Amino acid sequence: MRLRWLPALCLSLILPGLAHAQSPGKAATQVYPVTPGSGPHDVAPAPDGKVWYTAQRQGALGILDPATGAVRQVPLGPDSAPHGVIQGPDAAAWITDGGQNAIVRYDPRTDQVKVWKLPEETGYVNLNTATFDGAGLYWFTGQNGFYGRLDPKTGDMKVWKAPRGRGAYGITTAPDGSVYYVSLAGSHLARIDRDTGQATVIEPLTPKQGARRVWPDSRGDLWISEWNSGQLSRHSPASGVWKSWRLPGAHPQSYAVYVDDNDMVWVTDFGANATLSFEPRTEAWASYPGTAADANVRQILGRPGEVWLPESGTDKLVVIRTGAGPS
Amino acid sequence: MLASAPAWAEGDAGRGERVFQQCFSCHSVEPGEAGLQGPNLRGIAGSPIAARPDFEYSDALLEFARHEGTWDDALLDRYIADPAAVVPGTRMHYVGLKDAGRRADVIAYLKGARQLRE
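Keep in mind that this is a model prediction, so the values were computed, not measured.

S.K.: Please explain the overall build of chain B as it appears in this structure.
M.R.: Scanning chain B from N- to C-terminus turns up 5 helices and 0 strands. For chain B, the succession of helices and strands along the chain, N to C, is α-α-α-α-α. Restricting to contacts in chain B with at least 6 residues of sequence separation, those with at least 24 account for 54%.

The structure is reproduced here in structure tokens:
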């Protein structure tokens, strides 16, 4: 008798998002054109108020000064095609460069670029995204089915094959310093043991969901964008519980996810050509349309009061000004 | 006076298998393997464009197929060099392979993959 409840329970965990319509986003936005043809893929606020972005199609790190709108590009090396950029604890830009099969560091104080090639025996991994853990180590994913770790102090690099092969995509650090990544082709979440390097698969609620990216909230719960299922999902490492919400559009494809300083969840939907905010307490969605067709926002990052969107399809950066941030 | 052969006519399939690692995260050449972000490329050389029944192609590529028809070597070469320029609106998010020799190698690999693995 109890088993009959199970399908209904699973549905209840997936369907609540359908009941909530989306409303137009009310926060102010500002649009910054960047270099034509640059294809800004990922974005990261810089320590001096500027904003970094990967100019993937031009092999450069882009630097935007939001105060003036001025942009400039720093070439990263021959064959460069940078994918991800984050700010490190050293206030430098750390870049996963798929074209060079290398990790690249840009120091804004000296304008110097340093390149760490992946080990020759590893081969091409299609570098994707990176994060710093709680101990200052740099962890990265390679979409061909790898993840790795670089010690910035010594240059020591280790690369491991991901369980279940190709697909390792977004990676993040939880508030307790733990490192998690998601697999797009493998449709799972994985936790990396930072001592042994071993990755443990955590099965999602929805099979074949196609997880793109992952981001923690302030409580340590993990939010995951699911490309294939069109859902936004939450996993609590503490309880093991998953919950999923289908995005409100007709044919949603969830790409990027980010949780801001007020625990508002932001997710991009290629199907609707929009960025959505999601308030977990009320389950309310609000929509911020792309500035043009096929805006293709592939990543989101911010700082208190600002959520930054790189429109890879329009060569623009958009900032959503959410307020002053936490007091 | 003889015209020189196009670069894609002189590719090396062995080197091309290594170049294919740039495609590997989204494409397979293994028989029957589907469900990745891109279509299975087994037998793509010389085949009709956007014709695999197990993949949902973009509107842009379907439109491209209507006037181009078939993936011949020259067209594959152009597409791999700069997908977004050849098929504006393509969902294939790849910046392109500038080196003509490496394009020739990967085309040779794609043409040979069927024989190599069967």
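S.K.: I'm lost on the nonpolar core in this one. Help?
M.R.: Side chains of nonpolar character tend, in soluble globular proteins, to be buried together. Membership of the largest hydrophobic core comes to 86 residues, with the highest contact counts inside it found for A:Trp52, A:Leu61, A:Val214, A:Val257 and A:Leu317. By residue number, the principal contributor to this core is strand S23 (residues 254-259) of chain A, which donates 5 residues. Beyond its immediate chain neighbours, meaning those up to four positions away, A:Leu61 contacts A:Trp52, A:Thr54, A:Ala55, A:Gln73, A:Val74, A:Leu76, A:Pro82, A:Val85, A:Ala93, A:Ile95 and A:Tyr106. With 21 residues, the next largest nonpolar core counts B:Val29, B:Leu41, B:Leu76 and B:Ala104 among its residues.

S.K.: Please clarify how the confidence of the model for chain A should be interpreted in this entry.
M.R.: In regions of low pLDDT, the predicted coordinates are not meant to be interpreted in detail. When pLDDT is averaged along chain A, the result is 93, and 93% of the positions lie at 70 or above. For residues 1-19 of chain A, every residue scores under 50 in pLDDT, and the model assigns this stretch 13 contacts once sequence neighbours within four places are set aside.

S.K.: Would you mind going over the sheet that holds strand S17 (residues 188-192) of chain A with me for this structure?
M.R.: Two orientations exist for strands paired in a sheet by backbone hydrogen bonds: parallel and antiparallel. All names here are of chain A. Reading across the sheet, the 4 strands line up as S15-S16-S17-S18 and stay open at both edges, with antiparallel pairing between neighbours. Only two strands of the sheet have a single neighbouring strand rather than two, namely strand S15 (168-173) and strand S18 (199-202). Neighbour-to-neighbour, the strand axes of this sheet turn through a mean angle of 25°, independent of strand direction. In the sheet, S17 pairs with S18 via 4 bridges, with the strands oriented antiparallel. In the sheet register, Arg191 faces S18, and the bridge partner there is Thr200.

S.K.: Got a minute to help me understand the sheet that holds strand S26 (residues 284-289) of chain A in this structure?
M.R.: Residues and elements named next belong to chain A. Reading across from one edge, S1-S26-S25-S24-S23 is the order of the 5 strands in this open sheet, with mixed pairing throughout. Both edges of this open sheet fall to strand S1 (22-24) and S23, since each of them pairs with a single strand only. Taken pair by pair, the neighbouring strands of this sheet meet at an average axis angle of 30°, ignoring direction. As judged from the 5 bridges shared by strand S24 (residues 265-269) and strand S25 (residues 274-279), these two strands associate in the antiparallel manner. Looking at S25, one finds that Trp266 is bridged to Ser277.

S.K.: Any chance you could explain the interface of chain B and chain A here in plain terms?
M.R.: Listed per partner, the contact involves 8 residues of chain B and 12 residues of chain A. For the side of chain B that touches chain A, the residue count by class is 3 nonpolar, 5 polar and no charged.

Conventions and cut-offs
Residues numbered from 1 in each chain as written. Chains lettered and ligands numbered in written order. Predicted model: local features only at pLDDT ≥ 70, side-chain atom pairs only at ≥ 80, totals over all residues. Helix = DSSP H or I, 4+ residues; strand = E, 2+ residues; numbered from the N terminus. Contact = placed C-beta atoms within 7 Å. Core = buried A, V, L, I, M, F, W, Y, C linked by C-beta atoms within 7 Å. Buried ≥ 20, exposed ≤ 12 C-beta atoms within 10 Å, placed from the backbone. pLDDT = per-residue confidence, 0-100. Pairing = 2+ DSSP bridges. Axes fitted to C-alpha atoms, helices over the stretch in contact; angles between N-to-C directions. Nonpolar A, V, L, I, M, F, W, Y, C, P; charged D, E, K, R; others polar.

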